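Geometric and topological summary
Listed below are the residues making up each chain.
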Amino acid sequence: MSNIDFKNERNLSMLVDFYEFTMSNGYFENNLKDTIVYFDMFFRKNPDKAGFAIVAGLEQVIEYIESLKFTESDIEYLRSRKLFSEEFLEYLLNFKFTGDLYAIEEGTPVFPNESLITVKSKVIDAQLIETMLLLTINHQSLIATKANRIRRVAEGKEVLELGARRSQGYDAAIYGARAAYIGGVDGTATTIADRIFNVKAVGTMAHAWIQLFGDEYKAFETYAKTYPDNCILLIDTYSVLKSGIINAIKVSKNILEPQGKKLKGVRLDSGDLAYLSKEVRKILNINGLEECKIIASNSLDEYIISDLMNQGACIDTFGVGERLITAKSEPVFGGVYKLVQLKKMEK
């Protein structure tokens, strides 16, 4: 799925809970390092009391394991802690994961207490990947599950992920966009997710564009001239019904239609979305713009979208931000990693 070699831009091998090192050193010092173990990664309950979850993040787990190595500077840091034997540090310097993973395909509905990933490996190998495996699968499965809930209540309407600026850090924005796509969204505002993962990036304008021109019509006109084939206008900077939709239609009639083109869409980012979308739809249709889409955003989630659908809102696309990218209603996916089988060593 990855479009560029993003995985090699930084080394995350030390993204490990410290006790993984103390345990691994203990295994090494007590002649247990070659013990074959099986660990299962599973979760105990579905987010939001749902019927199932959506698993995601496997690609990044594999990338991490394939590039897992400890540098001289990593070893120097561990040596400075004065806890680990020199033989163990030498072992880490030459470390390469040699185990096997058995995993459920990304995007699959999954259920509590079933294994998402089974790791069969030497005990040190299994121990050292625990933290990264858990944080990767937990995060992306959480966002994919939230996205899927939103996708289903939208009943076939387009859903876009718009939450990067409210995410908990840049990795959460990038991999959250990926996970949301696996969960069913149609696109993202996060450009780098398009570049890396081919998750279609979308976007038009913010209120600042309109404010900069000081005149709504002029702002719309300029945008239409710049992007005549993809003209989507934000119509709630001042008044949706008294100016925004009126100026949008003027631009369609004066700028786009003489070129044989039409206004592609209008966006609502505030106010009573159900009422405004119905009124805007009427006005668009009266003016021959039946194919012009109405896009709505502003702190949406599956509950608000369901309510809008029940009110008969005339919305074609839902832009969902912070409540998706942070899984705000239940922001933890409680995956765990447990030893489930031990292969006895030959004497």
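Use the structure listed above.
Because the structure is a prediction, the values reported are computed rather than measured. (Residues numbered from 1 in each chain as written. Predicted model: local features only at pLDDT ≥ 70, side-chain atom pairs only at ≥ 80, totals over all residues. Heavy atoms only, no water.)

Examining the overall build of the protein
To keep it simple, the criterion reads: By the criteria applied, helices consist of DSSP H or I runs no shorter than four residues and strands consist of E runs no shorter than two, each listed in order from the N terminus. Within these notes, the globule rule equals 2.2 Å times the number of residues to the 0.38 power, and the radius of gyration is based on C-alpha atoms. Relative accessibility under 20% of the residue-type maximum defines a buried residue, over 50% an exposed one, and the middle range a partly exposed one, all with a 1.4 Å probe and only protein chains included. Contacts are assigned to residue pairs with any non-hydrogen atoms lying within 4.5 Å of each other. Per-residue and other accessible areas were derived by the Shrake-Rupley procedure at a 1.4 Å probe size, with only the shown protein chains allowed to occlude residues. Positive charges are assigned to Lys and Arg, negative charges to Asp and Glu, while His and the chain termini are left out of the count. To locate a charge, take NZ of a lysine, CZ of an arginine, CG of an aspartate or CD of a glutamate.
In terms of helices and strands, the protein carries 14 helices and twelve strands. The C-alpha radius of gyration computed for the protein amounts to 25 Å, which surpasses the reference 20 Å derived for 347 residues by more than 25%, pointing to a less compact arrangement than a globule. When the 347 residues of the protein are sorted by exposure, 49% land in the buried category. The long-range fraction of contacts in the protein, counting pairs at least 24 apart against all pairs at least 6 apart in sequence, stands at 76%. When the accessible surface of the protein is summed, it comes to about 16800 Å², and 51% of that surface belongs to carbon and sulfur atoms. Distance between charge centroids for the protein: 4 Å, based on 42 positive and 47 negative side chains.

Concerning the sheet that holds strand β5 (residues 117-122)
To keep things clear, this is the line we draw: Two strands qualify as a pair provided that DSSP identifies no fewer than 2 bridges between them. Axis geometry follows a simple rule: fit a line to the C-alpha atoms, using only the stretch in contact for helices, then measure angles between N-to-C directions, giving values from 0 to 180 degrees.
Overall, antiparallel pairing links the four strands, which are arranged β3-β5-β1-β12 in an open sheet. Strands with a single pairing partner mark the edges of an open sheet, and in this sheet they are β3 (100-103) and β12 (335-343). Neighbour to neighbour, the strand axes of the sheet diverge by 20 degrees on average, direction disregarded. In terms of strand pairing, strand β1 (residues 36-43) meets β12 through eight bridges, oriented antiparallel. Counterpart to isoleucine 36 in the pairing with β12 is lysine 343. Against the sheet, helix α6 (residues 130-153) engages β1, β5 and β12, with an angle of about 135 degrees to β12.

Structural notes on the nonpolar core
Stated formally: Here, the term nonpolar core denotes a set of buried Ala, Val, Leu, Ile, Met, Phe, Trp, Tyr and Cys residues that are joined through side-chain atoms within 4.5 Å. For the purposes of this description, domain bounds are those given by an automatic or database domain assignment.
Residues Ile235 and Val266 are the most contacted members of the largest nonpolar core, which totals 93 residues. With nine residues, α6 is the single largest residue contributor to this core. Domain assignment of the residues forming this core places at least three in each of domain 1 (18-146 + 331-342) and domain 2 (153-326). When sequence neighbours within four positions are dropped, the list of residues in contact with isoleucine 235 reads Glu216, Phe220, Val240, Gly244, Ile245, Ala248, Val266, Arg267, Leu268 and Val280. Ile174, Tyr175, Ala193 and Phe197 belong to the second-largest nonpolar core, a separate cluster that totals seven residues.

Brief notes about the packing of aromatic side chains
Note the cut-off: Each aromatic pair joins two rings of Phe, Tyr and Trp (for Trp, the six-membered one) with centres within 6.5 Å, and gets the label stacked for planes under 30 degrees apart, edge-to-face for over 60, and tilted for any other angle.
Going through the model one piece at a time under the given rule, you end up with 14 aromatic pairs. Ring geometry for phenylalanine 39 and tyrosine 337: centres 4.6 Å apart, planes at 10 degrees, overall stacked. You can see phenylalanine 39 sitting in strand β1 and its partner tyrosine 337 sitting in strand β12, a full 298 residues away along the chain. The class for phenylalanine 39 is buried, based on a relative accessible area of 6%. On the basis of relative accessible area, tyrosine 337 is assigned to the buried category, the value being 5%. A centroid spacing of 4.8 Å and a plane angle of 45 degrees characterise the contact between tyrosine 223 and tyrosine 227, whose relative ring orientation is tilted. Aromatic ring contacts, followed pair by pair, group Phe18, Phe21, Phe28, Phe70, Phe84, Phe88, Tyr91 and Phe95 into a single cluster.

Digging into unusual backbone geometry
Phi at lysine 82 is positive, roughly 55 degrees, even though this residue is not glycine. The residue lysine 82 is located in the loop between α3 (72-80) and α4 (86-93) in this model. The exposed category is assigned to lysine 82, whose relative accessible area is 74%. For alanine 327, which is not glycine, the phi dihedral falls at a positive 45 degrees. Topologically, alanine 327 is positioned in the loop between α14 (322-325) and β12.

A word on α4
We count it as follows: To obtain the arc, one takes the directions from the helix axis to the C-beta atoms.
Along α4, the residues that are buried comprise Phe88, Leu89, Tyr91 and Leu92. All buried residues of α4 fall inside an arc of 155 degrees around its axis, so they share one side. Elements that come into contact with the buried residues of α4 comprise α1 (18-29), α3 and α5 (123-128).

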